[in-house]
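Chain by chain, the residues:
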Amino acid sequence: MALKKKGHAPDYFLMALVVALTVFGLVMLASASSDLGKVQFNDSYYYLKHQILYGLSIGIAGFCCGYFIPYQKLKKIALPLLVVSIIFLALVFTKLGSLVNSTNRWLRFGPLSFQPAELMKFTYLTYLAAWLSNVKMKRASNFLEGLVPFLAVSGVIAALLILQPATSTVFILLGSGLVVYFMSGAPVKYIFGTILIAVLAVGAVIMVTPYRLARITGFLHQSQNTQGQNYQVNQGLIAIGSGGFMGLGYGQSVTKGGYLPTPIDDSIFAVIAEELGFVGAASLIVLFFLFTIRLFWLSKKTGDRFGKLLLIGFGTVVALQAFVNMASISGVMPLTGVPLPFISYGGTALAVFLTISGVALNVTKYN
């Protein structure tokens, strides 16, 4: 199917989901960050203001660029964008990098700072979609021209992320990339081979890194060391359990006042469950589910191969990251440090996910 030169109306249901998730995130951040902002800056809305100024405003600009500029233009600049992103990942280990909580995840340019790993979620998936969209090259099914380059690029990115360290981001990013690779037509044996290599590599890294191994053992024995390694998960479970069916009420969270670590990012889902209960938490999960399913459904309706793979990649990365965040604070998987898409505090993450949403809506306009 040929790409339409003139766009039509976008998918309004997807647009409504993006607005709903963004508004929900800002409303819940206002509550989750109120005590922390009051204590640290004597301003209950400090973090909300910061999120709007450095996350929402930049995200709206990215959304508009993604929405109004024909997405096919991304195909031409996908490789340069990926190269720049890889350079940014490497620069976090130089003087331009900023060490925060013993991690090298931030890049600072004067008063501005951002996380290159978040940007990589957009550039890596865009590059894969562009690279695999050339049907004549048959890269998906070719070993030397497809699997080997895919593993090489993904391996370099994974290595830089593990050194930060950002192991959970490796799982989310490369997991999304693997789904795009599979949906482009890659043989099942390539997929299983890649998964085996990834499991062995990550397993080896975990075994030689004490803090990573401690997270695994802590997950397997959650009832032990509740004041140490498992403190955050246990406080998260207390918050979730305290919410019951209807919640304690908006702004009424007890754990966010000093008991629950990182209530504005890693643990914000626990605050949501505490204040809004099962109803609020389930509603948020439904929003993420609808967002992902809608993108997958739209990808089936998209005749352009590049646009199809973009939608699949974007839907997968949001789904995986949302699952990892909510599952880890709920004790379903080892604790990680990734933000909840559209919801958690973090300007870079919000800006990137809004940009992704703009591009996704752009695809729906031209197909």
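Every chain is numbered independently, its residues counted from 1 as its sequence is written. With pLDDT at 70 or above as the cut-off, local features in this predicted model cover only qualifying residues; side-chain atom pairs require 80 or more to be listed or tallied, and sums for whole chains, interfaces and linings still use all residues. Hydrogens and water are ignored here; the side-chain numbers use all heavy atoms of the structure.

A. Local environment of the sheet that holds strand β1 (residues 97-100). Taken in spatial order, the three strands make up an open sheet running β1-β2-β3, and their pairing is antiparallel. Edge positions in the sheet fall to β1 and β3 (112-114), since each of these pairs with one other strand and no more. Shown here is a sheet whose adjacent strand axes are inclined to one another by a mean of 40°, direction ignored. The pairing criterion is simple: DSSP has to find at least two bridges between the two strands. Counting from the N terminus, the helices are DSSP H or I runs at least four residues long and the strands are E runs at least two residues long. In terms of strand pairing, β1 meets strand β2 (residues 103-109) through three bridges, oriented antiparallel. Looking across to β2, one finds that G97 is bridged to L107. To get an axis, a line is fitted to the C-alpha atoms, and for a helix only the part in contact is used. The angle between two axes follows their N-to-C directions and goes from 0 to 180 degrees.

B. Here's a closer look at the pattern of salt bridges. Basic side-chain nitrogens of Lys or Arg form a salt bridge, by our definition, when they fall within 4 Å of a carboxyl oxygen of Asp or Glu. All told, the structure shown has four salt bridges when counted by the stated rule. Residues D11 and R294 are paired through a salt bridge, measuring 2.6 Å at the closest nitrogen-oxygen approach. Here D11, found in the segment before α1 (12-32), pairs with R294, found in helix α11 (residues 268-301); they are 283 residues apart in sequence, far enough to count as distant. Between K49 and D43 there is a salt bridge, and its shortest N-O distance comes to 3.0 Å.

C. Molecular detail of the environment of D43. The residue D43 is located in the loop between α2 (34-41) and α3 (46-68) in this model. Relative accessibility thresholds used throughout: buried, under 20% of the residue-type maximum; exposed, over 50%; partly exposed, between the two (1.4 Å probe, protein chains only). Looking at D43, the relative accessible area reads 22%, which means it is partly exposed. Spatially, the C-alpha atom of D43 lies 27 Å from that of Y231, the residues being 188 residues apart in sequence. By the convention used here, residues are in contact when the closest approach between their heavy atoms is within 4.5 Å. If sequence neighbours within four positions are ignored, D43 has contacts with G37, K38 and K49.

D. The nonpolar core, seen in detail. Residue types Ala, Val, Leu, Ile, Met, Phe, Trp, Tyr and Cys, when buried and joined through side-chain atoms within 4.5 Å, form a set referred to as a nonpolar core. Judged by nonpolar contacts, the single largest core of 90 residues is most densely connected at F288 and F342. When residues of this core are assigned to their parent elements, the largest contribution, 14 residues, is made by helix α12 (residues 305-329). If we ignore the near neighbours within four places in the chain, the residues touching F288 are L21, V318, A322, M326, L340, P341, F342 and I343.

E. Inspection of the pairing of β2 at higher detail. The sheet contact formed by β2 and β3 spans three bridges and is antiparallel. Its bridge partner lying in β3, F109 is registered against L112. The loop that links β2 with its antiparallel partner β3 comprises two residues; one of these, G110, has a positive phi angle of about 65°.

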